[in-house]
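In case you want the letters, here they are:
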Amino acid sequence: MYEPTHLRTFLAVAQTLSFTQAARRLGLRQSTVSQHVRRLEDATGRQLFSRDTHSVELTEDGEAMLGFARRILEVHEQATAFFSGTRVRGRLRFGASEDFVLTRLPEILEGFRYDHPEVDLELTVELSGTLHERLAAGKLDLVLAKRLPEDPRGELVWRDDLVWIGAERLRLDPDRPVPLIVYPPPGITRARALEVLERQGRDWRIVCTSGSLSGLIAAARAGLGVMAHSRRLIPPDLFRLPDRAGLPELGKVDFVLVHGHRRGPAEGAADALAAAVLAGGERLRRRSG
């Protein structure tokens, strides 16, 4: 019912929110991309994108198809590998940012290890900036991390709002510096928080620095200050600060998969894990437990 080619095109448009960029990524003409999406919409009987001359957005049905398309393609690739006799194997050095500590990423990795028992998976959990540096240095094969929207690296998993969060009882004094809970450099959310406060001319002071998400959460729960965080990944017992707090908007942040440059066995393993992460993208936006 759903052609894999059409599903891949749909995912490319959903990830870039641009028919032109999707065509460039896939090496197709824009008219072909439009045709694939139209045929998928005909197959579903639903409109998957709302589009005009200025923007492309997923509809509610398109959001639902996003998860289905990833899972269908993952199973399709598994079946192809099984019946073609090819087995993914080798050492795979995978880096994930601290943001995913409390999500269901472990479930996705467990499923990957079950499907690919001959892959020797090594997991590194670090700051996004550090992971990008290690990938560039050839010390990792695949990274799941944050990037800023203007950064071209990686395949988009999802785009989210950055928001200010803190303890429910926290109240900020507008006449005093903003108490900040931050990752150390080169933390992406740290850099964004300092940038927007400087632009607003708002004084700030750092009350807690930790390379561990658990450390930041403990400080925030204790009411020490505020932190910049993904809206969809707000930890339990912490809350988004209301607009009346007077803090500047933090903008958007992208969560992406970025491949390294090492060829050979790791490349196939990295492709397989990337497919599993994309297929499980909805689970990454939900907390574990």
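Look above for the structure.
Bear in mind the structure is a predicted one, so any value in this text is a computation, not a measurement.

Conventions and cut-offs
Residues numbered from 1 in each chain as written. Predicted model: local features only at pLDDT ≥ 70, side-chain atom pairs only at ≥ 80, totals over all residues. Heavy atoms only, no water. Phe/Tyr/Trp six-rings, centres within 6.5 Å; stacked < 30°, edge-to-face > 60°. Helix = DSSP H or I, 4+ residues; strand = E, 2+ residues; numbered from the N terminus. Buried < 20%, exposed > 50% of the residue type's maximum accessible area, 1.4 Å probe, protein only. Expected span 1.5 Å × (residues − 1). Contact = heavy atoms within 4.5 Å. Salt bridge = Lys/Arg side-chain N within 4 Å of Asp/Glu carboxyl O. Pairing = 2+ DSSP bridges.

Evaluation of the coordinates by the stated rule reveals 5 aromatic pairs. Geometrically, the ring pair formed by phenylalanine 10 and phenylalanine 49 is tilted, given 5.4 Å between the ring centres and 50 degrees between the ring planes. Linking phenylalanine 10 in helix 1 (residues 4-16) with phenylalanine 49 in strand 1 (residues 49-51), this pair joins segments that are 39 residues apart in sequence. On the basis of relative accessible area, phenylalanine 10 is assigned to the buried category, the value being 0%. Relative to phenylalanine 49, the ring of phenylalanine 19 lies with its centre 6.0 Å away and its plane at 70 degrees, an arrangement referred to as edge-to-face. On the criterion of sequence distance, the pair formed by phenylalanine 19 in helix 2 (residues 19-26) and phenylalanine 49 in strand 1 is long-range, its members being 30 residues apart. For the pair shown, phenylalanine 19 and phenylalanine 49 are each scored as buried. Grouped by ring-pair contacts, the aromatic residues Phe10, Phe19 and Phe49 constitute a single cluster.

The subject of this paragraph is helix 3 (residues 30-44). Its 15 residues place the ends of helix 3 21 Å apart at the C-alpha level, agreeing with the 21 Å of an ideal helix rising 1.5 Å per residue. Buried residues of helix 3: Thr32, Val33, His36, Val37, Leu40 and Glu41, and no others. Two residues or fewer after helix 3 comes glycine 45, characterised by a positive phi angle close to 75 degrees.

Another point: the environment of glutamate 155. Locating glutamate 155 in the fold gives a position in strand 6 (residues 155-166). We classify glutamate 155 as partly exposed; its relative accessible area is 24%. Taking C-alpha positions, glutamate 155 is 9.6 Å from aspartate 254, a pair spaced 99 residues apart along the chain. Those residues in contact with glutamate 155, other than ones at most four positions away along the chain, are Gln15, Arg25, Phe255, Val256, Leu257 and Leu278.

Moving on, we come to the environment of alanine 245. One can find alanine 245 in the loop between strand 10 (239-240) and strand 11 (252-259). The spatial distance from the C-alpha of alanine 245 to the C-alpha of leucine 172 is 6.7 Å, given a sequence separation of 73 residues.

The next subject is the pattern of salt bridges. Going through the model one piece at a time under the given rule, you end up with 14 salt bridges. By sharing partners, the salt bridges in this structure join Asp160, Asp161, Arg231, Arg232 and Lys252 into a single network.

Right, let's talk about the pairing of strand 5 (residues 142-147) for a bit. Summarising burial for strand 5: 6 of the 6 residues are buried, a large majority. Two strands pair when backbone bridges link them, and strand 3 (residues 90-97) and strand 5 are joined in this way by 3 bridges, in the parallel orientation. Looking at the pairing, phenylalanine 94 lines up with leucine 142 of strand 5. Where strand 5 and strand 11 come together, 6 bridges link them in antiparallel fashion. The residue bridging arginine 147 from the neighbouring strand is aspartate 254, located in strand 11.

The amide bond that connects proline 185 to the next residue, proline 186, takes the cis arrangement and shows omega of 5 degrees. On the secondary structure map, proline 186 appears in the loop between strand 7 (178-182) and helix 7 (188-200). One non-glycine residue with positive phi stands out, namely leucine 17, at about 50 degrees. Secondary-structure assignment places leucine 17 in the loop between helix 1 and helix 2.

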